[in-house]
Amino acid sequence: MDEKPVIAVRGCNLYYGDFRALKDVNIDIAAHEVTAFIGPSGCGKTTLIKTFNRMNDLVEGCRITGEVSIFGNDIYAKGTDVTLLRKDVGMVFQKPNPFPMSIYDNIAFAPRTFGIKRKSELDGIIEHSLRQAGLWGEAKDRLRQNAMGLSGGQQQRLCIARALAAQPKILLMDEPTSALDPISTGKIEELAAELKAEYTIVIVTHNMQQATRISDKTAFFLLGEIVEYGKTEDIFSSPADKRTENYITGRFG
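Residues numbered from 1 in each chain as written. Predicted model: local features only at pLDDT ≥ 70, side-chain atom pairs only at ≥ 80, totals over all residues. Heavy atoms only, no water.

Concerning the packing of aromatic side chains
Then, number 1: The tally for this structure, following the rule as stated, stands at 3 aromatic pairs.
Then, number 2: Centroid distance phenylalanine 37 to phenylalanine 221: 4.9 Å. Interplanar angle 50°. Geometry classified as tilted. Of this pair, phenylalanine 37 sits in strand β3 (residues 34–38) while phenylalanine 221 sits in strand β9 (residues 217–222), and the two are 184 residues apart along the sequence.
Then, number 3: Seen in terms of ring centroids, phenylalanine 99 and phenylalanine 109 are 4.9 Å apart; in terms of plane orientation they differ by 55°. Their pairing is tilted. Remark: phenylalanine 109 occurs in helix α3 (residues 103–113) and phenylalanine 99 occurs in the loop between β6 (89–92) and α3; sequence separation between them is 10 residues.
Then, number 4: By relative accessible area, which is 27% here, phenylalanine 99 ends up partly exposed. (Phe/Tyr/Trp six-rings, centres within 6.5 Å; stacked < 30°, edge-to-face > 60°. Helix = DSSP H or I, 4+ residues; strand = E, 2+ residues; numbered from the N terminus. Buried < 20%, exposed > 50% of the residue type's maximum accessible area, 1.4 Å probe, protein only.)

This is the structure in structure tokens:
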């Protein structure tokens, strides 16, 4: 018997004003896997991952129907604690967005928000998060320096460390390597592969090779719909839908 999905989406429709950005989306996302969302620009990939931590609440005129459940709880139900939800569901964005403060304070931000004030405890969280993000060796002697002085790849790993410091259960990554060079990209991909032992990871990517390298399952989106979803090797080696095949072979997109 399969374990219950960590994220379960049923009949989800999302509208920006009159525009329907997601159309009857159904998907189950399993624990401790990397799930990749692929598809052309504007097809609903980022819109869907933003429903998982209610980032779309911040968009004027956005409304959602259907159900999005995380760990069995409908996250759009009345009374949902959105702050707590965003603690459990961390997010790393396309462009690195460190706060203009020290490396230490960037990572301490979430733990302090949730009431951790003792320096020894914060120190432990910061070291652990930086180690998880593969940045401890490069950052340990410059924790008090401004994070804006890091390279682009280091900044993105810092943002991953900052997300992990909140001790989430799910990590959303919205094209986390699109602004990075190949070496930094490789480091982030290795990280994703390692982190799935502890977290459930959903990654939006335009890079299909990246999806094949790091994801267990892949969903192909087109015009707000999930055309096909399954094991990554099956999607790329024997897609069931002609539109998926056309996309992954480069006929459009």
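Still more ground to cover, so stick around.
Some details on the sheet that holds strand β8 (residues 200–204)
Then, number 1: Ordered by their spatial adjacency, 6 strands build an open sheet running β6-β7-β8-β3-β9-β10, and the pairing between neighbours is mixed. With partners counted over all chains shown, the strands left at the sheet margins are β6 and β10 (225–231), one partner each. In this sheet, neighbouring strand axes are inclined to one another by 15° on average, regardless of whether the strands run parallel or antiparallel.
Then, number 2: The sheet contact formed by β6 and strand β7 (residues 170–174) spans 4 bridges and is parallel. Residue pairing across strands places valine 92 opposite methionine 173, the latter belonging to β7.
Then, number 3: Lying over the sheet, helix α6 (residues 152–165) contacts β6 and β7, oriented at roughly 170° with respect to β6. (Pairing = 2+ DSSP bridges. Axes fitted to C-alpha atoms, helices over the stretch in contact; angles between N-to-C directions. Contact = heavy atoms within 4.5 Å.)

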